[in-house]
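# Secondary and tertiary structure notes
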Amino acid sequence: MGPIILLDKSTFQSLSHDQVGFLFKHYMVCIPPVLIMEIMGDISKPPRPGNFKQNDAQWLAQKIEAGDSGISASCREMVAAALLGQSIPMTGQIPMDTGVRVPNPGGGYGVIFEEHPARKALRNWAAGNFSDFDRNASQSLRETIHSFDLENFKKRNPPIAEEVKRIKTVGDVLSLVDMLLDSEEPDAKLANLNRCLGMFNAAEPLKTAVSNRWVQAGMPKLNKFAPYAAFCYRAYTAFIIGLSTGVFSTRSSNVVDLEYVWYLPFCWIFASSDNFHKLLVPLLLRADQEFVAGEVLKEDLKNIGDEWQRLDEQGREERRIHFGAYPPELEGSFSYRMSKKYCKPRTPYCGDPLAKFPEKQRKEMERKIVEEINRKFEPYRRMKGD
């Protein structure tokens, strides 16, 4: 498995099917629900120019179905969980919510991740099967996105405070947001909590439970009380202030682009061709994360594909055995640099450890591996009544 990468829709769209194949080969792709939502929004669009059988939804679903990936849990559900006291890891793991706790035959417990419900939808869309519900939901979603009038929002919310009027850059925006979040004033801490709850239109029972927990915890700052919720609130507040001061454009799709930002803690690399992302994301990343422009990633995957095409059959087999998921060691390659940064050093036979053994011994080892996998899965099958 390669480094965990998060891509926005614009980057996915720009990649050819061959480039997507190398993406999934050399990276573990984090699929945020907002990407699936955007694909659904394309169902009601007309077919792509030059291809009268496919629209963007089918085309993109086929790309995602081309390789292994992890579908993240919803950022909204994770914000609520964080505010209620659940720890949300923010160090590059994909938070998946389809895990089932299963007893291990050798003692203890393991987790088996069941198929995410969105997988079935993606398979249907990849095959061009769209239900009436899909089409109606798509049309409704597109109308909702187009209804976002950020220009009007900007006019109704002009900068008033002097510190806001002085803002010129994204760095200025985040400095002001951090000052607000770092305030020790009880009223400021309460205001941050309430605005965070309002950010996702929290229901009254959730507001009450969170407020009670906050008081019991000693009314701490938001970033101490619920770090993931504070991360999302920080990005959201920066977006609002950036809109009002003209740092960010009033393009309606920026509302959707903001949602990708809320999944940044769950990757090591974020790729986007969007100007809003290029402005904001680099200032929100952890020190160990990378941002790459979508066009740079595309060119790198193209070069990897071109190099693969130059290999003969024996060269490809040796690459499979000795490289596996590791990218080729091409000079200036972004993927090779990311592999060196995030992955263990490559070793011989890392792509197929059994290839070094004689065929008879290899087949016996493969048989034992299958038996062990089946033994591990047996408690899960019993739980499910299979």
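To be clear, the structure that these remarks concern was listed above.
The rules behind each value
The written sequence of each chain sets the order in which its residues are numbered from 1. Residues qualify for local features only when their pLDDT is at least 70, as the model is predicted, and side-chain atom pairs are given and counted only at 80 or more; totals for whole chains, interfaces and linings, by contrast, use all residues. With hydrogens and water stripped out, all remaining heavy atoms of the structure feed into the side-chain values. Here a helix means four or more residues in a row that DSSP labels H or I, a strand means two or more in a row labelled E, and each is numbered from the N terminus. For a compact globule the rule gives 2.2 Å times the number of residues to the power 0.38, and the radius of gyration it is set against comes from C-alpha atoms. Partly exposed describes any residue whose relative accessible area lies between the buried limit of under 20% and the exposed limit of over 50%, with all areas from a 1.4 Å probe on protein chains only and scaled to the type maximum. The protein chains shown are the only cover counted for residues, whose accessible areas, like all others here, come from Shrake-Rupley with a 1.4 Å probe. Two residue types count as positive, namely Lys and Arg, and two as negative, namely Asp and Glu; His and chain ends fall outside the count. A charged residue contributes its charge at one atom only: NZ of Lys, CZ of Arg, CG of Asp or CD of Glu. Should DSSP find at least two bridges between two strands, the strands are regarded as paired. Handedness of a crossover is defined as follows: with both strands directed away from the viewer, a clockwise route from the first strand across the helix to the second makes it right-handed. Defined by distance alone, a disulfide is two cysteine sulfur atoms within 2.5 Å. Salt bridge criterion: a side-chain nitrogen from Lys or Arg within 4 Å of a carboxyl oxygen from Asp or Glu. Between N or O atoms, a polar contact is any pair within 3.5 Å; within protein, one atom must be a potential hydrogen donor and the other a potential acceptor, and residues adjacent in sequence are included only when both atoms are from side chains. Residue contacts are counted whenever heavy atoms from the two residues lie within 4.5 Å of one another. Like-charged residues within 9 Å of one another, or nonpolar side chains (Val, Leu, Ile, Met, Phe, Trp, Tyr) within 5 Å, are grouped into patches, provided each residue has over 30% relative accessible area and no salt bridge. Axes, fitted as lines to C-alpha atoms, cover a helix only where it is in contact. Angles between the N-to-C directions of the axes lie from 0 to 180 degrees. For classification, angles of less than 35 degrees are called roughly parallel, those exceeding 145 degrees roughly antiparallel, those between 65 and 115 degrees roughly perpendicular, and all remaining angles oblique. In this scheme the crossing of two helices becomes right-handed for a clockwise turn of the near helix relative to the far one and left-handed for an anticlockwise turn of less than a right angle. Three classes are used, and their members are as follows: Ala, Val, Leu, Ile, Met, Phe, Trp, Tyr, Cys and Pro are nonpolar, Asp, Glu, Lys and Arg are charged, and the others, Gly among them, are polar. We call a set of buried Ala, Val, Leu, Ile, Met, Phe, Trp, Tyr and Cys residues a nonpolar core when their side-chain atoms join them within 4.5 Å.

Counting secondary structure elements, the chain contains 20 helices and seven strands. Since a compact globule built from 386 residues should have a radius of gyration of about 21 Å, the 24 Å found for the chain is in line with a globular shape. If you line up the chain on its principal axes, its C-alpha atoms span 75 × 55 × 45 Å. Within the chain, the fraction of its 386 residues that count as buried is 45%. A total accessible area of about 20,200 Å² is found for the chain, and carbon and sulfur atoms account for 53% of it. Averaging the positions of the 51 positive and the 49 negative side-chain charges in the chain gives two centres separated by 2 Å.

A word on the pairing of strand E7 (residues 290-293). In this structure, strand E6 (residues 269-272) lies alongside E7, joined through four bridges in parallel fashion. Counted as the bridge partner of Ser272 is Ala293 from E7. Running through helix H16 (residues 275-280), the crossover from E6 to the neighbouring parallel element E7 is right-handed.

Turning next to the state of the cysteines. Under the definition given, this model contains zero disulfides. Its sulfur unpaired, Cys30 is 6.7 Å from the next cysteine sulfur, which belongs to Cys267. Considering cysteine sulfurs only, Cys343 is the nearest to Cys350, which forms no disulfide, with 10 Å between them.

Attention now goes to the pattern of salt bridges. On inspection of all chains with the given rule, the structure shows 28 salt bridges. Arg286 is paired through a salt bridge with Asp288; the nearest N and O atoms lie 2.9 Å apart. Relative accessible area serves as the criterion here: at 22%, Arg286 is assigned to the partly exposed category. Among the ionic pairs, Arg337 bridges to Glu290, the shortest N-O distance being 3.3 Å. In this pair, Arg337 sits in helix H19 (residues 334-342) while Glu290 sits in strand E7, placing the two residues 47 residues apart along the sequence.

It is worth spelling out the side chain of Ser335 at this point. Along the polypeptide, Ser335 turns up in helix H19. A polar contact of 2.7 Å, which involves the side chain of Ser335, links it to the side chain of Tyr27. Discounting chain neighbours no more than four positions away, the residues touching Ser335 are Tyr27, Asp300, Leu301, Ile304 and Pro327.

The next subject is a nonpolar patch on the surface. A surface patch of nonpolar side chains, amounting to about 270 Å² of accessible area, comprises Met96, Val111 and Phe113. Within the fold, Phe113 resides in strand E5 (residues 109-113). Assessed through its relative accessible area of 45%, Phe113 is described here as partly exposed.

For the rest of this paragraph, the subject is the packing of helix H11 (residues 186-199) against helix H12 (residues 204-216). Between two packed helices, both the angle of their axes relative to each other and the distance between the axes serve to describe the pair. The geometry of H11 relative to H12 is characterised by a closest axis approach of 11 Å and an angle of 155° between their N-to-C directions. Between H11 and H12, the crossing angle belongs to the class labelled roughly antiparallel. Of the two elements, H11 crosses H12, and the hand of that crossing is right-handed. Contact residues: Lys189, Leu190, Leu193 and Leu197 in H11; Lys207, Val210 and Trp214 in H12. Partitioned by chemical class, the residues of the contact of H11 with H12 number five nonpolar, no polar and two charged.

A sheet is described by the order of its strands in space; here five strands give the open sequence E3-E2-E1-E6-E7, paired in parallel fashion. Strands with a single pairing partner mark the edges of an open sheet, and in this sheet they are strand E3 (69-71) and E7. Strand-to-strand, the axes of this sheet are offset by a mean angle of 30°, without reference to chain direction.

This part is about the nonpolar core. Grouped together as the largest cluster of nonpolar side chains are 103 residues, with contacts concentrated most on Phe12, Leu23, Leu83, Tyr228 and Leu297. Sorting elements by how many residues they give to this core places helix H14 (residues 227-245) first, with eleven residues. With near-sequence residues (within four places) excluded, Leu83 lies in contact with Leu193, Cys196, Leu197, Val210, Arg213, Leu222, Phe225, Ala226 and Ala229.

Below, the discussion takes up unusual backbone geometry. Even without glycine at this site, Asn201 takes up a positive phi of about 50°. Of note, Asn201 is situated in the loop between H11 and H12. We note that Met219 has phi near 55°; this positive angle belongs to a residue other than glycine. For Met219, the position within the fold is in the loop between H12 and helix H13 (222-225).

Of all eight residues that make up helix H15 (residues 254-261), seven are buried, and the element is covered over most of its length. All buried positions along H15 are accounted for by Asn254, Val256, Asp257, Leu258, Glu259, Tyr260 and Val261.

With respect to the helices and strands, Asn254 occurs in helix H15. The spatial distance from the C-alpha of Asn254 to the C-alpha of Leu243 is 10.0 Å, given a sequence separation of eleven residues. With residues near it in sequence (within four places) discarded, Asn254 still touches Leu150, Phe239, Ser249, Asp274 and Phe276.

So, about the pairing of E6. Neither face of E6 is exposed, since Ile269 and Ala271 on one face and Phe270 and Ser272 on the opposite face are all buried. Pairing between strand E1 (residues 4-7) and E6: three bridges, direction parallel. Paired with Leu7 across the bridge in E6 is Ala271.

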